[in-house]
Amino acid sequence: HVAEACRLVGAHLVHISTDYVFDGTMGRPYTEWDEPRPRSVYGCSKLAGEHEAGAQATIVRTAWLAGAGGSNAVRTVLDLAVDPDRALAFVDDQRGSPTVAEDLAQVLLRLASDRRVGLFHVTNQGSATWYELARHVLTVAGHDPARLRPVSTADLRPQRLAVRPVEAVLDNAALRFAGLPLLSQWQDAVTALVRRLQDPSNS
């Protein structure tokens, strides 16, 4: 319906998709030209959304989003770390592309204003496991990262309803080929986000 409405009024559609469209078995970062093979209903629905968006849309796949608002992994780590006696455990056998929402928004604005048609992977650069991301957040926030324990996906209780791809790092190849600037390294972006979340003036 959104795609049809955009066509009727001449608006440009930017559709947000996800790393869940891949099965995580490639063994290298996924480019925009790799065949999607979703393993969950969620991944299938996002891939269907890409198809429905149509050939004149901008489709942006992103991953592991965190920002100043809403629920996300960075906020979760900071909230859990407040209790010094709480045991902390994060998954260390899933790897992806941590992305800060504010950074993503700048690229979305550029792609939308340029009406740049096509499929783009847009993430902060580099990759991490959830455990590595959590350790970085704890370190930047001034907490002891030794509190953190790595666990496997199989150890999670309860198990997640949507099967997450194990290795779903997104290569931002289309951005590079288009000559558009890439986002910063995820460590730098997450460091800035943690400091922003810790700033009392932002509360």
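Because the structure is predicted, anything quoted here is derived from the model rather than measured.

Parameters at a glance
- Residues numbered from 1 in each chain as written.
- Predicted model: local features only at pLDDT ≥ 70, side-chain atom pairs only at ≥ 80, totals over all residues.
- Heavy atoms only, no water.
- Salt bridge = Lys/Arg side-chain N within 4 Å of Asp/Glu carboxyl O.
- Helix = DSSP H or I, 4+ residues; strand = E, 2+ residues; numbered from the N terminus.
- Buried < 20%, exposed > 50% of the residue type's maximum accessible area, 1.4 Å probe, protein only.
- Phe/Tyr/Trp six-rings, centres within 6.5 Å; stacked < 30°, edge-to-face > 60°.
- Axes fitted to C-alpha atoms, helices over the stretch in contact; angles between N-to-C directions.
- Parallel < 35°, antiparallel > 145°, perpendicular 65-115°, else oblique.
- Left-handed = near helix turned anticlockwise from the far one by under 90°.
- Contact = heavy atoms within 4.5 Å.
- Nonpolar A, V, L, I, M, F, W, Y, C, P; charged D, E, K, R; others polar.

Visitor: Please provide a residue-by-residue account of the pattern of salt bridges, values included.
Guide: Scanning the entire structure with this criterion turns up nine salt bridges. One salt bridge in this structure joins Glu 132 and Arg 95, with 3.2 Å as the shortest N-O distance. Remark: Arg 95 occurs in strand 5 (residues 95–96) and Glu 132 occurs in helix 5 (residues 130–140); sequence separation between them is 37 residues. For Arg 95, a relative accessible area of 22% corresponds to the partly exposed category. The partner of Arg 110 in a salt bridge is Asp 114, with the nearest N and O atoms 2.9 Å apart.

Visitor: Now, about the packing of aromatic side chains: what can you tell me, with residues and values included?
Guide: Tallied over the full model, the rule gives four aromatic pairs. Summarising the aromatic geometry, the rings of Tyr 20 and Tyr 42 are spaced 5.0 Å apart at their centres and angled 90° between planes, so their arrangement reads as edge-to-face. A residue pair is termed long-range when its members are at least 10 positions apart, and Tyr 20 in the loop between strand 1 (14–18) and helix 2 (41–53) and Tyr 42 in helix 2 qualify at 22 residues. A residue is classified by how much of its surface remains accessible, and Tyr 20, at 13% relative accessible area, is buried. Arranged with centres 5.8 Å apart and planes meeting at 40°, the rings of Trp 33 and Phe 177 form a pair that is tilted. On the criterion of sequence distance, the pair formed by Trp 33 in the loop between strand 1 and helix 2 and Phe 177 in helix 6 (residues 173–177) is long-range, its members being 144 residues apart.

Visitor: Describe the packing of helix 5 against helix 7 (residues 186–198), listing the residues and the values that go with them.
Guide: Packed helix pairs are specified by the crossing angle of their axes together with the interaxial distance, meaning the distance between the axes. Two elements in contact, helix 5 and helix 7, have axes separated by 10 Å at closest approach and are oriented at 50°. Considered as vectors, helix 5 and helix 7 are oriented oblique to each other. For the pair helix 5 and helix 7, the crossing hand works out as right-handed. Residue-level inspection shows Glu 132, Leu 133, His 136, Val 137 and Val 140 of helix 5 in contact with helix 7, the latter providing Trp 186, Gln 187, Val 190, Thr 191, Val 194, Arg 195 and Gln 198. For the contact of helix 5 with helix 7, a count of residues per class yields six nonpolar, four polar and two charged.

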